[in-house]
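Fold and contact review
Below are the chains, spelled out letter by letter.
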Amino acid sequence: MTVAPPRRRKSARRQRLEGAITYPIDWLEERSGLIGGLRYFLFRKVPGDTNWFHTLGSATLTAFLVQALTGVILAMYYQPDPNTAYQSINHITNDLTLGWLVRGMHKWGASVFIILLFFHMARVFLFGAYKYPRELNWIVGVMLLVFGMLEGFTGYLLPWDQTAYWATVVGINLNGTAPILGPFLADFLRGGAEIGPDTLSRFYSLHMLLIPGAIFALIGLHLYLVVRLGVSSPPWSGQAAGSDYVEVTPTTDGRSGLTQPSARSGWRRNGGES
Ligand code: HEM
């Protein structure tokens, strides 16, 4: 029989320190329940055989947050006016403390974000994680992809240099060739018959308000669905997300079975409580 070592009493200083940390947390929890909500969100059961590929979604989220943060800093100095936009970008890059770094992070981070987005999407596709019951989350993901690309398109014009201008001319003309809606779309993007001051302020507003707002909202919905449905196991796994390990016997429910259908239905099929 092993005897537990005597518990050492905490020193008064340590008790005071712990109290200083736990008191505000308890205060907030008692009044809002937010801490419980956060705990529910962060501490969930995931299948034991999730792997590094499952971190690509969080990596994409991190890249997006870096874009949001650096974008807010850039917006403090950028001027969306054809006469001063280019100079303001030069000013950020050459005169401001660490301006080159913030701008560089935003510019290259945009590519990192899109690349991670595609890697994450490829993981979901190749693992079959888009199947029942996660189809809705795939659809939300597709919307995120569209808004992510739009964010890149609208941001590209903002430096207002030759590359930005002509790339936007090409982009808008491409949209203009779409059947029926094309000409309206091109007019909407230009903000008139020609690319000019209205186009720049329109793109700026879309780039720093409307599209990021939509992306934030969609990410919220995306993560809600991830929490609700649980993370799917890799295709080769026998485990169901959200349940303790139970050997899965093949069922005849007609699904090809690349992934476990869901946390709950997997649990029930294995004889667990509902
Ligand atoms: C801003 C873009 C995105 C962010 C921040 C994001 C974030 C995440 C995170 C954190 C997860 C959970 C962990 C993981 O499985 O990696 C996840 C899961 C998922 N994502 Fe995304 N995602 C994005 C875009 C997309 C796109 C473009 C698609 C597909 C078109 C997609 C489809 C899914 C699906 C179906 C799941 C559930 C996967 C599973 O349960 O195994 N997501 N996403």
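Residues numbered from 1 in each chain as written. Predicted model: local features only at pLDDT ≥ 70, side-chain atom pairs only at ≥ 80, totals over all residues. Heavy atoms only, no water.

1. Some thoughts on the site of the ligand
Neighbouring the ligand are 25 residues, the closest being His 54, His 120, Arg 123, His 222 and Ser 232. In the model, an oxygen atom of the ligand is placed 2.9 Å from a nitrogen or oxygen of the His 54 main chain. With respect to the ligand, the side chain of Arg 123 contributes an N or O atom lying 2.5 Å from an oxygen atom. At the level of secondary structure, the elements contributing two or more residues to the shell around the ligand comprise helix H3 (56-75), helix H5 (99-126), helix H6 (135-157) and helix H9 (197-229). Top contributing element to the shell around the ligand by residue count: H5, with six residues. Of the residues belonging to the shell around the ligand, the class tally is 13 nonpolar, 10 polar and two charged. (Near = heavy atom within 4 Å. Polar contact = N/O pair within 3.5 Å; in protein donor to acceptor, adjacent residues only side chain to side chain. Helix = DSSP H or I, 4+ residues; strand = E, 2+ residues; numbered from the N terminus. Nonpolar A, V, L, I, M, F, W, Y, C, P; charged D, E, K, R; others polar.)

2. Observations concerning the side chain of Ser 237
If you trace the backbone, Ser 237 turns up in the loop between H9 and helix H10 (263-269). Residue Ser 237 is classed as buried on the basis of its relative accessible area, which comes to 11%. Polar contacts involving the side chain of Ser 237 include one to the side chain of Asp 49, which spans 2.7 Å. (Buried < 20%, exposed > 50% of the residue type's maximum accessible area, 1.4 Å probe, protein only.)

3. Focus: the packing of aromatic side chains
Here the structure, examined in full by the defined rule, presents 11 aromatic pairs. Each ring, one from Phe 53 and one from Phe 127, has its centre 6.0 Å from the other, and the planes form 70 degrees; the classification is edge-to-face. In this pair, Phe 53 sits in the loop between helix H2 (34-42) and H3 while Phe 127 sits in the loop between H5 and H6, placing the two residues 74 residues apart along the sequence. Measuring from ring centre to ring centre gives 5.2 Å for Tyr 78 and Tyr 204, while their planes differ by 50 degrees; the resulting arrangement is tilted. With a gap of 126 residues between them, Tyr 78 in the loop between H3 and helix H4 (85-94) and Tyr 204 in helix H9 connect regions that are remote in the sequence. Accessibility assignment for this pair places Tyr 78 and Tyr 204 in one class, buried. An aromatic cluster of three or more residues is present, and its members are Phe 53, Phe 127 and Trp 236. Across from the ring centre of Trp 108, 5.9 Å away, lies the NZ or CZ of Lys 107, which sits over that ring. The positively charged end of Arg 202 is found above the aromatic ring belonging to Phe 188, 5.2 Å away from the centroid. (Phe/Tyr/Trp six-rings, centres within 6.5 Å; stacked < 30°, edge-to-face > 60°. Lys NZ or Arg CZ within 6 Å of the ring centre and 35° of its normal.)

4. Focus on the pattern of salt bridges
Here the structure, examined in full by the defined rule, presents three salt bridges. The salt bridge partner of Glu 18 is Arg 14, with a shortest N-O separation of 3.2 Å. Of the two residues, Glu 18 and Arg 14 both sit in helix H1 (residues 12-32), four residues apart, roughly one turn of that helix. For Asp 187, the salt bridge identified is with Arg 190, shortest N-O distance 3.1 Å. Here Asp 187 and its partner Arg 190 are both found in helix H8 (residues 182-190), three residues apart, which amounts to about one turn of the helix. Using a relative accessible area of 40% as the deciding quantity, one classes Asp 187 as partly exposed. Bridged by salt links that share partners, the residues Lys 10, Arg 14 and Glu 18 form one connected network. (Salt bridge = Lys/Arg side-chain N within 4 Å of Asp/Glu carboxyl O.)

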